[in-house]
Amino acid sequence: MNTTSHVYLDYAATTPVDSRVVEAMLPYFNDEFGNPSSIHYFGQKAEAALENARENVANCFHCDPDEIIFTSCGTESDNLALRGAALAEREKRGATHILTTPVEHHAVLHTVFNLARYDGFDVELLPVDANGLVNPVEVNRRIRKETALVSVIFANNEIGSIYPVEEIGRVCREWSTPFHTDAVQAVAHLPIDVRALNIDLMSVGAHKFYGPKGVGALYVRRGIQVIPVQTGGAQEFGLRAGTQNIPYIVGMAIALRLIQEERSPWTAFITPIRDRIISRVLADIPQVRLTGHPTNRLPNHVSFVFEGVDANTLLMMLDSAGFACSSGSACKTGSPEPSGVLLALGLSPSLALGSLRVTLGQYTTSSEVDAFLAVLPGLVERTRVLTAGVERS
Ligand SMILES: *Cc1c(COP(=O)(O)O)cnc(C)c1O
């Protein structure tokens, strides 16, 4: 990667692995290569590393080590939480209703839609306001004794808004209904105490907080039942079969510790830069709207919609100018579909197709942001001309 000519402003998509994390992982590929399920010396060394990582992860989230299940990614954690708890609650008490939101990541939405299609669950989407937020009162209004599970994202990957997890969790606790939150975007930026926040199940993924790709974790509060999705050996308390990826798990635990130690000074540095992008874009560019909450949002996250702009054209222009950004949704090829998250905010499909997400990270500098702000208005203008030309032809 030529970092001098290309500026990375897409930290919500993924982050580079911190070099201290890489360092910590290395011995576990060859020197300490044992299978943690083996009884001998090599196995014991691997098991010690595994359990040490589990303790560190549990400490960061204020829970016990046996409440942490290691998985292969945030998506797998979402699948295990949703399928696992929904099927367990149905078996236990016949519950078949799932309450979630239209602003979830696809790892949640496509999983609950599958549970509806193939397992007969009744999925209900909570209303969201113009900032994409969910009112806990609405959860209380819609939850019922047949509700197997409530799932609400912690911090939104597309629009940055931060959700009232503690209050939603309290409603679920009153109804004795398991509450899952997808905290994959939240971990890098917000301290999380799962007990204080009334969370029963929580998904995280390491590559969003300077750990490696392909490893994640699921917090499962003691007493919450989960039926395994991946069956086989007895690893991870029987909830996730398969030999654990020790180097990646060790890396995730270190990354989590580092982010926890370094988060607060970094947040103080980056938040005013975020706010400078927001105010400059709204002042310098006509016909633009911020998406997501103006202040109750991730400190590294800005997202807009521009009228008369095709998002992919703008992203290619930005890339040619040396800036890597995102439209916020996963679609990158073929005929563009407007993002369901943006439609749920009440935006028109054509406006939703003009989205831009800029997410900052630990290696972002103020001068990179200045350079970005200097080119963006001109590139939006050129994109508008091109987009209008395509629409006429
Ligand atoms: C990235 C992301 C996921 C998926 O995590 P992977 O580790 O890439 O599978 C799930 N939810 C949210 C909110 C995300 O941002």
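Within each chain, residue numbers correspond to sequence positions counted from 1 in written order. Thresholds applied to this predicted model are a pLDDT of at least 70 for local features of residues and 80 or more for the giving and counting of side-chain atom pairs; totals over whole chains, interfaces and linings are not thresholded and use all residues. Computation of side-chain values: all heavy atoms of the structure, hydrogens and water removed.

Colleague: So what exactly am I meant to see when it comes to helix H7 (residues 246–284) here?
Modeller: Since the α-helix advances by 3.6 residues per turn, residues separated by three or four positions end up pointing in the same direction. Runs of H or I in DSSP of at least four residues are treated as helices and runs of E of at least two as strands, each being numbered from the N terminus. Helices are assigned an expected span. That span is 1.5 Å times one less than the residue count. Over its 39 residues, H7 runs only 49 Å from end to end, short of the ideal 57 Å by more than 12%, given 1.5 Å per residue. The quantity called bend is, for any residue, the angle between two axes fitted respectively to the seven residues ending at it and the seven beginning at it. The largest bend in H7 amounts to roughly 55 degrees and is located at Arg-263, with the proline Pro-265 lying one to four residues further along.

Colleague: Can you help me understand the packing of H7 against helix H11 (residues 366–392) in this one?
Modeller: Two numbers describe a pair of packed helices, the interaxial angle and the distance between the axes. Axes, fitted as lines to C-alpha atoms, cover a helix only where it is in contact. Angles between the N-to-C directions of the axes lie from 0 to 180 degrees. It is the contact of H7 with H11, at a shortest axis distance of 11 Å, that shows an interaxial angle of 15 degrees. Comparing their axes, H11 and H7 come out roughly parallel. Judged by the twist between their axes, the crossing of H7 over H11 is right-handed. Between H7, through Ile-273, Arg-276, Ile-277, Arg-280, Val-281 and Asp-284, and H11, the contact on the second element is made entirely by Ser-366, Val-369, Asp-370, Leu-373, Leu-376 and Pro-377. Ten residues, namely Ala, Val, Leu, Ile, Met, Phe, Trp, Tyr, Cys and Pro, are considered nonpolar, four, namely Asp, Glu, Lys and Arg, are considered charged, and the remaining ones, Gly among them, are considered polar. In terms of residue class, the contact of H7 with H11 is built from 7 nonpolar, 1 polar and 4 charged. Roughly parallel refers to an angle under 35 degrees, roughly antiparallel to one over 145, roughly perpendicular to one between 65 and 115, and oblique to any angle outside these ranges. The sense of a crossing depends on the near helix, which, turned anticlockwise from the far helix by less than a right angle, makes the crossing left-handed and, turned clockwise, makes it right-handed. For this analysis, residues touch if any pair of their heavy atoms sits within 4.5 Å.

Colleague: Quick question: what am I supposed to make of H11 here?
Modeller: Along its 27 residues, H11 runs 39 Å from first to last C-alpha, staying within 8% of the 39 Å computed at 1.5 Å per residue. Of all the bends in H11, the largest measures some 35 degrees and sits at Leu-376, one to four residues before the proline Pro-377. Buried residues of H11: Val-369, Phe-372, Leu-373, Leu-376, Leu-379, Val-380, Thr-383, Arg-384 and Thr-387, and no others. Buried residues belonging to H11 abut H7, strand E10 (301–306), helix H8 (311–320), strand E11 (323–324) and strand E12 (355–359). Accessible area is worked out with a 1.4 Å probe on protein chains only. A residue is then buried under 20% of its type maximum, exposed over 50%, and partly exposed in between.

Colleague: In this structure, what is going on with the environment of Ser-37? I would like to understand it.
Modeller: Position of Ser-37 among the secondary structure elements: in the loop between helix H1 (19–25) and helix H2 (41–61). Residue Ser-37 is classed as exposed on the basis of its relative accessible area, which comes to 53%. The spacing of Ser-37 and Gly-205 is 168 residues in sequence and 24 Å in space, taken between C-alpha atoms.

Colleague: Help me out: how do you make sense of the site of the ligand in this one?
Modeller: Only a single heavy atom is needed: when it lies within 4 Å of a molecule or strand, its residue is near that molecule or strand. Near the ligand you find Cys-73, Gly-74, Thr-75, Asp-78, His-105, Ile-153, Asn-157, Asp-182, Val-184, Gln-185, His-207 and Lys-208, and these make up its full shell. Whenever a nitrogen or oxygen atom comes within 3.5 Å of another N or O atom, the pair is scored as a polar contact, on the condition that within protein one atom can donate a hydrogen and the other can accept it, and that pairs from neighbouring residues in sequence are kept only if both atoms are in side chains. Taking Gly-74, its main chain carries an N or O atom lying 2.8 Å from an oxygen atom of the ligand. Within the contact set of the ligand, a nitrogen atom lies 2.6 Å away from a side-chain nitrogen or oxygen of Asp-182. Protein chains bury 89% of the 380 Å² of accessible surface belonging to the ligand in isolation. It is helix H3 (residues 74–93) that contributes the most residues to the shell around the ligand, 3 residues altogether. The accessible surface values rely on the Shrake-Rupley method and a 1.4 Å probe; as for residues, cover is taken only from the protein chains in view.

Colleague: It is not clear to me how the sheet that holds strand E6 (residues 179–182) should be interpreted in this structure. Could you clarify?
Modeller: Backbone hydrogen bonds hold the strands of a sheet together, and the pairing may be parallel or antiparallel. Two strands pair if DSSP finds at least two bridges between them. Read from one edge to the other, the open sheet built from 7 strands follows the order E2-E8-E7-E6-E5-E3-E4, with strand pairing classed as mixed. Strands at the two margins of the open sheet, each flanked by one partner only, are strand E2 (68–71) and strand E4 (122–125). Looking at each pair of strands side by side, their axes are set apart by 20 degrees on average, direction ignored. Bridging between strand E3 (residues 97–100) and E4 involves 4 bridges; their strand directions are parallel. Following the sheet pairing, Leu-99 is matched in E4 by Glu-124. The strands that H3 touches are E2, E3, strand E5 (147–151), E6, strand E7 (201–205) and strand E8 (216–220); relative to E7, the one it contacts most, it runs at about 160 degrees.

Colleague: Would you explain the domain arrangement of the chain in this entry?
Modeller: By convention, interface size is frequently given as the accessible area that disappears when the constituent parts associate. Domain delimitation in this document rests on an assignment produced automatically or drawn from a domain database. Considered domain by domain, the chain is made up of domain 1 (2–15 + 263–392) and domain 2 (19–258). Centre-to-centre separation of domain 1 and domain 2, based on C-alpha positions: 28 Å. If you look at the interface, domain 1 gives 31 residues, while domain 2 gives 29 residues. Defined in terms of a 1.4 Å probe, buried area is the accessible area two parts forfeit on being brought together, summed over both. For the pair domain 1 and domain 2, the summed buried area comes to about 2400 Å², and 52% of that belongs to carbon and sulfur atoms. Sorting the residues of domain 1 by area buried against domain 2 places Thr-15, Arg-263 and Leu-298 first, and these three jointly supply 27% of that buried surface. Here, a salt bridge means any side-chain nitrogen of Lys or Arg that lies within 4 Å of a carboxyl oxygen of Asp or Glu. Counting the contacts that link domain 1 with domain 2 gives 0 salt bridges. One can count 18 residue pairs in polar contact (both at pLDDT 80 or more) joining domain 1 with domain 2. Among the secondary structure elements, those contributing two or more residues to the side of domain 1 that touches domain 2 are H7, E10 and helix H9 (340–344).

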